[in-house]
Amino acid sequence: MCGIVAYTGPRPALPVLLSGLKRLEYRGYDSAGIAVETQERIAIRKAKGKVSELVKLLGESSDLETSTCGIAHTRWATHGPPTQENAHPHAGGKQGIALVHNGIIENHRALREKLSSVGYVFLSETDTEVLAHLVDSLYQGNLVQALTNALKEVDGTFGIAVMAHSEPGTLVVARRGSPIVLGLGEGETIVASDASAIIKHTRQAIYLDDNDIACIKGSELDIRTLDSGTVVRPASEIDWSADAAEKGGYEHYMLKEIFEQPEAIRNTLRGRLDRDRGNAILSGLGLSPRELSDLHRVLIVGCGTSMNAGLVGEYAIEDFAGVLAEVEQAAEFRYRNPIVNPSDLVVAISQSGETADTLAAVREAIDKGALVSGLVNTVGSTIARETGRGVYLHAGPEISVASTKAFTSQVSVLLMMALKFARSRRMSQEKGRRMVKEIEDLPSLVEAVLAKNDEIAKVAERYVDQQSAFFIGRGYMYPVALEGALKLKEISYIHAEGYHAAELKHGPIALLEESVPVIALCNEGPGKDKTLGNVAECQARASRVLGIVTEGDEEAIATVDDHITIPACPMHTSVIPATVALQLLSYHIARLRGCAIDQPRNLAKSVTVE
Ligand code: M6R
């Protein structure tokens with residue numbers, strides 16, 4: 001949530017800051033701002049709206065072009081609406097300090113009162129301005145010291161970059177619960193809240209740990225912890241290229257990411273399937289054979305799309321391995337004080353690895369003594385590091401706010417987990433080999449759906465003008481219905497709900513009428529006939545039904561009003577082609593409605609607040 005970029009080095013800072021902000025815009029895009037050093041002062045420029053508005057504003061400020069040190073921010077509003085005043089950076093005191101911040105200062109009200117009582121004047125409603133004034137009030141010529149002391153008074157989470165006019169060329173950055181990565185260039189450092197803003201300049205990166213504070217001047221770094229001395233944080237290499245974060249000729253990142261799925265799944269599977277032994281190799285899980293066979297229960301936590309993937313995992317783990325599995329909304333996990341045993345495995349699923357609720361669930365599970373694993377896409381992210389074990393997705397950077405390739409990679413890993421747990425129990429080698437083959441088929445199943453992109457775009461035309469829609473499915477298709485509805489609502493703003501097909505008649509059917517279509521997952525598999533029965537119930541209430549059906553299933557095709565076909569495959573793997581079909585459907589509906597597909601209103605890519 002929100003994006004930070006900062007630069008110190010020999011080059012003009014502004015182009016680095018603005019290109020970094022562009023890259024980070026998917027993290028928040030309601031306002032943006034920069035602060036750069038000039039001879040006389042720190043100059044701050046801010047604009048409401050997208051980074052392009054800021055660029056327009058800066059077109060009038062050629063005096064800032066030579067500055068070689070600065071900080072920048074793109075905002076997703078928490079405290080105060082998206083206005084120019086509330087945009088970051090915020091100045092401390094009389095503009096001797098400028099600061100950008102991701103996260104939330106929970107005790108901002110008390111601090112605001114205290115600072116107001118000694119004469120500080122607030123220009124915004126943000127918690128961040130409180131921090132800027134607090135640093136200013138404690139500043140006695142040493143910015144590291146002032147920020148360290150300020151953060152002792154702060155409750156909450158932060159990723160911060162701050163500069164002081166009296167310490168030219170110097171940035172001080174700190175983190176607690178909100179990521180900060182330092183990109184190490186030639187005589188320069190590019191700071192960002194996410195590696196996509198630095199990849200253009202360098203692949204060498206240091207990820208700060210919680211409670212680290214770093215003083216940076218050019219390429220000189222001094223990293224300390226907030227309560228002790230200097231620490232060494234190893235540099236690591238970012239394993240994807242700048243191209244991976246580009247649109248590559250596609251109109252939107254979302255479409256590019258949908259089309260990347262065959263390759264993303266191949267990368268997820270690479271080296272993780274043993275054909276001979278009919279097993280999955282997930283050494284990152286770090287489970288000894290004993291721990292594997294003692295496994296009592298698998299608890300899966302996540303939010304949004306990651307939670308939907310978790311539900312597929314629940315079904316597959318129980319189905320194949322006979323191990324109890326439960327998926328839980330990550331925020332609920334922490335607050336309802338769940339029962340967790342040392343023989344339980346908690347699997348935290350997160351594309352970003354930074355989702356606040358999922359991270360809190362991880363910490364709760366660790367405190368309760370469970371085995372905790374991460375299933376994360378972003379290497380070096382907080383959840384990956386705090387779980388210490390797990391499986392990286394290797395799906396490549398996902399930029400579009402709507403999660404697509406992360407979901408299909410997550411499901412691929414969860415199917416491998418189910419296989420691994422099953423093979424450590426009753427599943428025979430022969431059945432294991434069959435399942436390996438089914439998982440290996442996933443990329444080609446996706447390719448077959450992608451080949452129907454034009455057809456799906458045509459079907460989408462018939463659903464563009466609706467205000468409401470229902471997605472229904474049974475068994476493995478139930479999570480797909482949830483995910484299909486989530487995708488449609490977040491990018492097209494059509495109200496959409498996913499329901500178990502049997503649940504519709506327990507209430508939601510009251511809403512069905514001609515203008516409310518139903519998208520029914522009625523591909524071949526257990527429960528298909530019952531779902532077709534539910535389709536008839538919907539049609540009897542005048543709803544138009546779009547069916548996701550198996551190629552060649554004439555009965556299903558004849559029953560529904562419109563259809564999209566997916567290749568024949570077992571139900572547990574059909575989750576992936578069926579989801580891809582719904583991703584394309586949502587994408588085309590949103591495109592035809594003229595929506596801002598990659599940056600839907602009110603959303604941000606990574607939700608680092610509760
Ligand atoms: O990064 P995470 O996987 O932890 O994110 C979880 C959700 O915020 C995310 O999946 C969200 O629901 C997406 N916008 C859905 O497309």
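This text follows the structure it describes.
Everything quoted here is computed from the prediction, not taken from an experiment.

Novice: Even after reading the chapter, I still don't get the overall build of the chain, so can you show me in this structure?
Specialist: When its secondary structure is counted, the chain shows 20 helices and 26 strands. Taking 25 Å as the expected radius of gyration for a compact globule of 610 residues, we find that the chain reaches 25 Å, a close match to that expectation. When its C-alpha atoms are laid out on the principal axes, the chain stretches across 75 × 55 × 45 Å. Counting over 610 residues, the chain shows a buried share of 61%. Considering only residue pairs separated by 6 or more positions, the chain has 72% of its internal contacts joining residues 24 or more positions apart. Surface exposure of the chain reaches about 22,500 Å², of which carbon and sulfur atoms provide 49%. The average position of the 62 basic charges and that of the 78 acidic charges among the side chains of the chain differ by 2 Å.

Novice: What's the story with the sheet that holds strand E17 (residues 297–302) in this structure? I'm lost.
Specialist: Two orientations exist for strands paired in a sheet by backbone hydrogen bonds: parallel and antiparallel. Taken in spatial order, the five strands make up an open sheet running E18-E17-E19-E20-E21, and their pairing is parallel. Both edges of this open sheet fall to strand E18 (324–329) and strand E21 (390–392), since each of them pairs with a single strand only. Strand after strand, the sheet turns through a mean of 15° between neighbouring axes, direction not considered. Looking at chain direction, strand E20 (residues 371–376) and E21 are connected through three bridges and run parallel. The partner of Gly-374 across the bridge, within E21, is Gly-390. Of the strands in this sheet, E17, strand E19 (344–350) and E20 are in contact with helix H11 (residues 356–367), which crosses E19 at around 165°. The sheet contacts of helix H13 (residues 405–423) involve E17, E19, E20 and E21, and relative to E19 the element is tilted by about 165°.

Novice: Quick question: what am I supposed to make of helix H3 (residues 108–117) here?
Specialist: An α-helical turn contains 3.6 residues, so a residue and the one three or four places further along point in the same direction. Taken as a whole, H3 has its buried residues at His-108, Leu-111 and Leu-115. Buried residues in H3, looked at end-on, bunch into an arc of 65°, giving them a common side. Away from its buried face, by an angle of more than 90 degrees, H3 presents the exposed residues Arg-109, Glu-113 and Ser-117. Two residues or fewer after H3 comes Gly-119, characterised by a positive phi angle close to 105°.

Novice: I keep staring at the packing of aromatic side chains and nothing clicks. Help me out?
Specialist: Centre-to-centre distance and the angle between the planes together describe a pair of aromatic rings. The final tally for this structure, using the stated rule, is three aromatic pairs. Arranged with centres 5.9 Å apart and planes meeting at 70°, the rings of Tyr-315 and Tyr-476 form a pair that is edge-to-face. Pair noted here: Tyr-315 is in helix H9 (residues 304–321) and Tyr-476 is in the loop between strand E22 (468–473) and helix H17 (477–492), with a separation of 161 residues, a long-range link. With a centroid separation of 5.9 Å and an interplanar angle of 45°, the aromatic rings of Phe-470 and Tyr-499 are classed as tilted. You can see Phe-470 sitting in strand E22 and its partner Tyr-499 sitting in strand E23 (residues 495–500), a full 29 residues away along the chain. The lysine or arginine in question, Arg-112, covers the ring of Phe-122, its NZ or CZ lying 4.4 Å from the ring centre. The ring of Tyr-493 carries Arg-601 above its face, with NZ or CZ at 3.8 Å from the centroid.

Novice: Just to check I follow, could you spell out the environment of Glu-291 for this structure?
Specialist: Looking at the secondary structure, you find Glu-291 in helix H8 (residues 289–294). Residue classification places Glu-291 among the partly exposed residues on the basis of a relative accessible area of 27%.

Novice: Explanation requested: the nonpolar core in the structure shown.
Specialist: Across soluble globular proteins, nonpolar side chains show a tendency to be buried alongside one another. Counting 88 residues, the largest nonpolar core has Val-298, Met-417, Phe-421, Ile-439, Phe-471 and Leu-585 as its most contacted members. Per-domain counts for this core show at least three residues from each of domain 2 (246–440) and domain 3 (450–610). With residues near it in sequence (within four places) discarded, Leu-585 still touches Ile-456, Val-459, Ala-460, Ile-519, Leu-546 and Ile-564. The next biggest cluster of nonpolar side chains, apart from the first, holds 33 residues, and it includes Val-16, Leu-24, Leu-54 and Leu-58.

Novice: Explain the site of the ligand to me, please; I cannot follow it from the model alone.
Specialist: Around the ligand, 14 residues are found, and the nearest of them are Ser-306, Ser-350, Ser-352, Thr-355 and Glu-490. In this structure, Ser-306 approaches the ligand through a side-chain N or O atom, which is 2.6 Å from an oxygen atom. One of the side-chain nitrogen or oxygen atoms of Lys-487 is found 2.9 Å away from an oxygen atom of the ligand. In the complex, 91% of the free accessible area of the ligand, which totals 410 Å², lies under the protein chains. At three residues, the largest contribution of residues to the shell around the ligand is made by H9. Residues of the shell around the ligand, tallied by class, amount to four nonpolar, eight polar and two charged. Residues from two domains meet in the shell around the ligand; each of domain 2 (246–440) and domain 3 (450–610) gives at least three.

So, how was this worked out
Residues numbered from 1 in each chain as written. Predicted model: local features only at pLDDT ≥ 70, side-chain atom pairs only at ≥ 80, totals over all residues. Heavy atoms only, no water. Helix = DSSP H or I, 4+ residues; strand = E, 2+ residues; numbered from the N terminus. Rg over C-alpha atoms; globule rule 2.2 N^0.38 Å. Buried < 20%, exposed > 50% of the residue type's maximum accessible area, 1.4 Å probe, protein only. Contact = heavy atoms within 4.5 Å. Areas by Shrake-Rupley, 256 points an atom, 1.4 Å probe, with all protein chains shown as cover. Lys, Arg positive; Asp, Glu negative; His and termini not counted. Charge placed at Lys NZ, Arg CZ, Asp CG, Glu CD. Pairing = 2+ DSSP bridges. Axes fitted to C-alpha atoms, helices over the stretch in contact; angles between N-to-C directions. Arc of directions from axis to C-beta. Phe/Tyr/Trp six-rings, centres within 6.5 Å; stacked < 30°, edge-to-face > 60°. Lys NZ or Arg CZ within 6 Å of the ring centre and 35° of its normal. Core = buried A, V, L, I, M, F, W, Y, C linked by side-chain atoms within 4.5 Å. Domains from an automatic or database assignment. Near = heavy atom within 4 Å. Polar contact = N/O pair within 3.5 Å; in protein donor to acceptor, adjacent residues only side chain to side chain. Nonpolar A, V, L, I, M, F, W, Y, C, P; charged D, E, K, R; others polar.

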